[in-house]
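Remarks on the overall topology
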Amino acid sequence: MSEQADISMEGPSASTAKVKKAHELVTATIKAPRFSYAHLEFFSDSPDAGDLDALQVRSYCTSALKQFLGATGIGIPLDILKVEGKACWLRMPRDDLGAFSAAITTWPGSYQDGFHSSLRIRGCSDWLGALVGRAGEDEIWSG
């Protein structure tokens, strides 16, 4: 009996000795990300206006940047991440987001065959996750 009592007494102390704490090897905090993201939406007066494609997005953005900033605007690197229906998501250097949003906002759009088409900024952020999933956000308050 004494052996059993000794074993039971050693059990809990042995199990607590086996528990190891996790150690953090590296911790990193990103305070200023390299890129910013923009969610744009296409608008057109044309009843036949189809969906956007990457070439149209590039053309409209280049036109807006050229009109607003000239040759400097054309030099802003834009990555088209996704084009879906009338929406598109772009990535650009973080420092250029202000100039890009000002250019798109002030751009009057283009006129072709008497129909007006333009882009509208749905959202901008330094984090892509902040822009994804905003599909029905504007319908929350409209009931």
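First, a word on what this report is: a plain description of the structure on this page. Residue numbers run consecutively from 1 along every chain, following the written order of its sequence. Per-residue local features of the predicted model are confined to residues with pLDDT of at least 70, and side-chain atom pairs are confined, for both listing and counting, to 80 or more; whole-chain, interface and lining totals are unaffected and use all residues. As a convention, hydrogens and water are excluded, and side-chain values are obtained from all of the structure's heavy atoms.

Ordered by their spatial adjacency, 5 strands build an open sheet running β2-β3-β1-β5-β4, and the pairing between neighbours is antiparallel. The strands lining the two open edges of the sheet, one partner per strand, are β2 (79–84) and β4 (110–112). Sheet twist, expressed as the mean angle between neighbouring strand axes with direction ignored, is 25 degrees. A pair of strands counts as paired when DSSP detects no fewer than two bridges linking them. Here a strand is any run of E in DSSP of at least two residues, a helix any run of H or I of at least four, and the numbering for each starts at the N terminus. Note: strand β1 (residues 35–44) against strand β5 (residues 115–125), 8 bridges, orientation antiparallel. Across the sheet, residue A38 finds its bridge partner in β5, namely C124. Across the sheet, helix α2 (residues 54–69) touches β1, β2, β3 (87–93), β4 and β5, and the angle it forms with β2 is around 125 degrees. Most of the contacts of helix α4 (residues 97–106) go to β5, to which it runs at about 150 degrees, and overall it touches β1, β3 and β5. Fitted lines through C-alpha atoms give the axes, limited to the stretch in contact for helices. The angle between two N-to-C directions lies from 0 to 180 degrees. The contact definition used throughout considers only heavy atoms, calling two residues in contact when any of these lie within 4.5 Å.

Two cysteine sulfur atoms form a disulfide, by the criterion used here, when they sit within 2.5 Å. This model, assessed by the stated rule, comprises 0 disulfides. Between C88, a free cysteine, and C61, which holds the nearest cysteine sulfur, the sulfur-to-sulfur gap is 6.2 Å. Note on exposure labels: buried denotes an accessible area under 20% of the residue type's maximum, exposed denotes more than 50%, and partly exposed covers the range between, all computed with a 1.4 Å probe on protein chains only. We classify C88 as buried; its relative accessible area is 0%.

To estimate the expected span of a helix, count its residues, drop one, and scale the result by 1.5 Å. The end-to-end C-alpha distance of α2, which contains 16 residues, comes to 22 Å, matching closely the 22 Å that a straight helix rising 1.5 Å per residue would cover. When we look at burial in α2, the residues that qualify are V57, Y60, C61, A64 and L65. Buried residues of α2 fall within an arc of 125 degrees about the axis and therefore sit on the same side. Those residues of α2 that are exposed and angled more than 90 degrees off the buried face are L55, K66 and Q67. Phi turns positive, to about 70 degrees, at G70, one or two residues after α2. Directions pointing from the helix axis toward each C-beta atom define the arc.

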